[in-house]
Amino acid sequence: MNAPVPSSVSRSEARGPGEKGSALPVRDRGLKALAGWARQPGFLLSLPALAVFIAGFVGPLALVVIYAVMPARSFGVEHLPTLENFVTIFQDSYYLSFAWSIGLALASTVILMLICWPVAYGLSRVFRRSMILTLLLVLPLFVSENVRLFGWVLTLLNHGILDGSLRTLFGWEVPDLLYNVPVTILGMVYVYLPFMLFPMALGVSMIPEACREAAFDMGATRWQVFREVEIPLAMPGILIGALLTFVLVLGSISEAKILGGQSVIMIAHDIETAFTYAQNWPLGSALSTLLILLTGVLVIGLLSKLNLDKLLSRK
Amino acid sequence: MDTPSSAFGSRASERAMRIWTLVVLAFIYLPMVAVVLASLSKIRFFMFPIKSWSLEWYGSVLGSIEIRDYLWTSVLIAALVTIISVLLAIAGALAFARYDWKGRTLYQKLILLPIFFPQAVLGLAILLWSSAWDIAPGWELAVFAHLVWIVPVVTLVISIQVYGFDPAVEEAAFDLGASRWQVFKEITLPILWPGIFSGALFAFLLSWGNFPLSTFTTGAEQTIPEWLYAKMVAGYTPQVPALGTLTTLLAGVLLLGGYWLGTRRRKQ
């Protein structure tokens with residue numbers, strides 16, 4: 001990747017592996033190269049954050065994967081590996097909650113793309129990066145999602161905001177709106193909106209104005225510019241937003257519990273139950289492992305294609 | 001807008017965009033308004049339209065010693081998470097965007113992985129992991145769990161600032177004989193300050209509002225979002241919307257105050 005990052009800093013450290021003119025034996029040269037690599041300032045600075053990543057992300061997830069092949073209901077990892085938990089998953093119809101989670105994640109992602117595009121577009125072009133608008137759109141991220149979902153319960157409840165208003169104003173009675181699949185999707189779309197919006201706005205800001213103008217000058221229609229200029233150029237941002245919302249909805253619990261009244265059981269809910277009430281850590285781990293695999297393939301697939309320097313350093 | 005392009009991007013579509021953005025804002029704030037209304041209703045179970053208004057639930061929230069404990073736990077966790085994550089993220093962001101080093105592109109991607117992972121499952125995995133190390137859950141574990149997710153976010157926020165920073169300035173200071181520490185203190189830190197400031201704000205607010213990581217890691221202790229959830233599920237009182245409103249207000253005040261401080265600094 002051709003990073004636009006300046007490689008200046010003190011020249012002494014710039015010397016990396018493969019220095020010329022050393023007559024050392026191969027092994028020592030290898031060690032020296034390794035030592036030189038480890039002395040790079042960037043590497044040293046990355047260590048604290050990497051330590052948290054390894055101790056708090058890689059370690060726990062690796063342990064989950066190990067627990068996944070332990071016999072059911074065991075509370076240690078010193079057993080012979082077995083695949084019985086995965087057999088249980090397919091026999092006890094846990095795959096249903098997987099299917100629901102994937103379906104709802106897809107639905108929410110598509111809906112969010114449609115909702116967010118005009119706002120993202122406006123945010124980086126029409127509204128001139130209005131700070132107040134950005135703040136208004138960021139704020140919900142900092143309010144606990146439970147509180148906001150509870151707000152929807154209050155809104156949609158019988159005699160709630162919606163029902164109560166329509167009753168008083170027009171005498172209409174609204175049927176039960178809570179505890180079904182559509183309202184679960186509403187909650188997901190609501191909670192994860194910023195995760196789609198901001199990456200998408202980043203993507204839109206990467207469309208050079210000159211490209212649009214050139215396309216218009218050459219006689220492209222509004223729709224052609226949208227499809228053939230704007231969408232492809234904004235694609236990195238769109239993909240990040242889509243992936244983020246898909247993965248986060250896939251592993252969500254609260255929306256289906258609070259708004260959905262468990263009309264749909266999400267996979268994360270099954271995982272939680274297995275770990276807590278059922279006290280079956282290996283089963284919970286096996287379910288988590290499938291989730292880790294699915295998100296891992298998607299996330300690593302996309303991240304490996306992105307040039308983060310180009311994406312983040314735009315002016 | 002009077003750039004030539006706006007002639008093509010027709011006024012009608014701009015107006016549609018404005019209206020749609022307002023609709024989305026209404027969608028975002030409608031449930032929050034509902035929470036505020038519920039907190040002002042005198043009767044225990046919410047009915048709309050509200051017949052008798054009252055501020056008594058705010059009084060009972062502010063007077064509750066139980067809630068004061070949870071508030072303390074939340075603030076303690078958020079404050080520690082802010083301090084630690086900012087320190088780690090300053091280094092992490094310099095490694096992310098300032099220095100060119102072998103392994104950097106891999107590091108950039110690894111460090112972002114926790115953002116792309118469902119938090120509830122991460123919380124459970126950390127709980128399992130801590131029990132393997134015989135570490136009892138509590139606020140300390142919650143700080144750790146929050147860090148796993150918040151350090152990458154803050155690293156990203158500060159990195160964006162680092163990208164806009166010209167390393168020649170640092171070099172010039174080195175050439176003039178400044179020590180490494182002097183350069184960091186006098187040059188690097190002031191230039192990165194806006195990013196550090198927004199990073200700290202993000203860290204505090206994200207930790208403050210977090211539920212999925214806290215719920216599995218705080219053990220017997222509770223944060224405000226956990227208490228709100230517990231009361232929502234069983235034993236509802238209008239203290240829930242009252243406290244929900246107060247936490248939302250705090251987040252809003254911090255965000256606006258932070259923005260105001262940021263613009264004032266820039267003008268100086």
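Residues numbered from 1 in each chain as written. Chains lettered and ligands numbered in written order. Predicted model: local features only at pLDDT ≥ 70, side-chain atom pairs only at ≥ 80, totals over all residues.

Student: Explain the overall build of chain B to me, please; I cannot follow it from the model alone.
Tutor: Looking only at helices and strands, one finds twelve helices and zero strands in chain B. In sequence order, chain B lays out its α and β elements as α-α-α-α-α-α-α-α-α-α-α-α. If you line up chain B on its principal axes, its C-alpha atoms span 70 × 65 × 35 Å. Taking all 268 residues of chain B together, the buried fraction comes to 46%. Summarising the internal contacts of chain B: among those between residues at least 6 apart in sequence, 78% fall at separations of at least 24. (Helix = DSSP H or I, 4+ residues; strand = E, 2+ residues; numbered from the N terminus. Buried ≥ 20, exposed ≤ 12 C-beta atoms within 10 Å, placed from the backbone. Contact = placed C-beta atoms within 7 Å.)

Student: Which parts of the structure should I look at to understand the overall build of chain A?
Tutor: Of regular secondary structure, chain A possesses 15 helices and zero strands. For 315 residues, the compact-globule estimate of 2.2 N^0.38 gives 20 Å, and chain A exceeds it by more than 25% at 25 Å. With the C-alpha coordinates aligned to their principal axes, the bounding extent of chain A is approximately 90 × 70 × 35 Å. Looking at chain A residue by residue over its 315 residues, the buried ones come to 43%. Pairs at least 24 residues apart make up 71% of the contacts formed inside chain A by residues separated by at least 6 positions. (Rg over C-alpha atoms; globule rule 2.2 N^0.38 Å.)

Student: What am I meant to see in helix α4 (residues 65-98) of chain B here?
Tutor: Counting along an α-helix, one turn takes 3.6 residues, and residues three or four places apart therefore face a common direction. A rise of 1.5 Å per residue sets the reference length of α4(B), with its 34 residues, at 50 Å; its end C-alpha atoms lie 48 Å apart and thus fit the reference within 8%. Along α4(B), the sharpest change in direction is near 25 degrees and occurs at A89(B). (Expected span 1.5 Å × (residues − 1). Bend = angle between axes of the 7 residues up to and from the residue.)

Student: Looking at this model, I keep getting lost on the interface of chain B and chain A. Mind explaining?
Tutor: Put simply, an interface is often sized by how much accessible area is lost when its parts join up. Facing the 81 residues of chain B at the interface are 87 residues of chain A. If you tally residues by element for the side of chain B that touches chain A, the top one is helix α2 (residues 11-39) of chain B, at 15 residues. Among the residues forming the side of chain B that touches chain A, the class breakdown is 61 nonpolar, 13 polar and seven charged. (Nonpolar A, V, L, I, M, F, W, Y, C, P; charged D, E, K, R; others polar.)

Student: It is not clear to me how unusual backbone geometry should be interpreted in this structure. Could you clarify?
Tutor: Apart from glycine, the bulk of residues carry a negative phi angle, and the bulk of peptide bonds sit in the trans form. For the peptide bond that leads from F48(B) to P49(B), omega is -5 degrees, which places it in the cis range. With respect to the helices, strands and loops of the structure, P49(B) is situated in the loop between α2 and α3 (56-63). The residue Q262(A) is not glycine, and still its phi comes out positive at about 60 degrees. Mapped onto the elements, Q262(A) comes out in the loop between α12 (254-258) and α13 (267-275). A tally of 12 C-beta atoms within 10 Å means that Q262(A) is categorised as exposed.

Student: Would you explain the domain arrangement of chain B in this entry?
Tutor: Residues and elements named next belong to chain B. Here the domain parsing of chain B yields domain 1 (5-39) and domain 2 (56-267). The partner domain 2 presents seven residues to the five residues of domain 1 that form the contact. Partitioning the side of domain 1 that touches domain 2 into residue classes produces four nonpolar, one polar and no charged. (Domains from an automatic or database assignment.)

Student: Before we go on, may I ask you to explain the environment of A256(A) in this structure?
Tutor: Residues and elements named next belong to chain A. Tracing the backbone through its elements, the reader meets A256 in helix α12. Along the sequence, A256 and N180 sit 76 residues apart, while their C-alpha atoms lie 8.8 Å from each other. In this view, A256 contacts T184, Q262, V264, M266 and H269; residues no more than four positions away in its chain are not counted.

Student: What exactly am I supposed to notice about the nonpolar core here?
Tutor: Side chains of nonpolar character tend, in soluble globular proteins, to be buried together. Ranked by internal contacts, the top residues of the largest apolar core, which has 160 residues, are A120(A), Y192(A) and L197(A). A domain-level breakdown of this core finds at least three residues from each of domain 1 (5-39) and domain 2 (56-267) of chain B. Every residue in contact with A120(A), bar those within four places of it in the chain, is listed here: L197(A), M200(A), A201(A) and V204(A). (Core = buried A, V, L, I, M, F, W, Y, C linked by C-beta atoms within 7 Å.)

Student: How should the packing of helix α5 (residues 95-126) of chain A against α2(B) be read in this particular structure?
Tutor: The N-to-C vectors of α5(A) and α2(B) enclose an angle of 115 degrees; their axes lie 9 Å apart at closest approach. Of the two elements, α5(A) crosses α2(B), and the hand of that crossing is left-handed. Contact with α5(A), carried on its side by I115(A), P118(A), V119(A), Y121(A), G122(A) and V126(A), involves E14(B), M17(B), R18(B), W20(B), T21(B) and V24(B) of α2(B) and no other residues of that element. Class assignment of the residues belonging to the contact of α5(A) with α2(B) gives a composition of eight nonpolar, two polar and two charged. (Axes fitted to C-alpha atoms, helices over the stretch in contact; angles between N-to-C directions. Left-handed = near helix turned anticlockwise from the far one by under 90°.)

Student: For this particular structure, what's the right way to read the packing of helix α8 (residues 167-175) of chain B against helix α9 (residues 180-209) of chain B?
Tutor: The description of two packed helices rests on the angle between their axes and on the distance between the axes. All names here are of chain B. The interhelical angle for the contact between α8 and α9, taken along N-to-C directions, is 145 degrees, at an axis separation of 10 Å. Between α8 and α9 lies a crossing of right-handed hand. Contacts from V169, E170, A173 and F174 in α8 reach V183, I187 and T188 in α9. Tallied by class, the residues present in the contact of α8 with α9 amount to five nonpolar, one polar and one charged.

Student: Would you mind showing me how to read the confidence of the model for chain A here?
Tutor: The predicted coordinates of low-pLDDT regions are not to be read in fine detail. All names here are of chain A. In the predicted model, chain A carries a mean pLDDT of 86, and the fraction of residues at 70 or more is 91%. Of all helices and strands in chain A, the one with the weakest mean pLDDT is helix α1 (residues 11-14) (40), whereas helix α3 (residues 41-68) scores best (95). For residues 1-22, every residue scores under 50 in pLDDT, and the model assigns this stretch 29 contacts once sequence neighbours within four places are set aside. (pLDDT = per-residue confidence, 0-100.)

Student: What should I look at first to understand the environment of I240(A) in this one?
Tutor: With respect to the element layout, I240(A) can be found in helix α11 (residues 222-250). Sequence separation between I240(A) and A215(A) is 25 residues; the distance between their C-alpha atoms is 26 Å.

Student: Teacher, can you tell me more about the confidence of the model for chain B here?
Tutor: Residue and element names in this part refer to chain B. Of the residues in chain B, 96% have a pLDDT of 70 or more, and the chain-wide mean is 89. With pLDDT under 50 throughout, residues 1-8 is counted as low confidence; its partners more than four residues away or in other chains account for five contacts. Model confidence for the complex: the whole-complex pTM is 0.89, and ipTM, which rates the interface, is 0.89.

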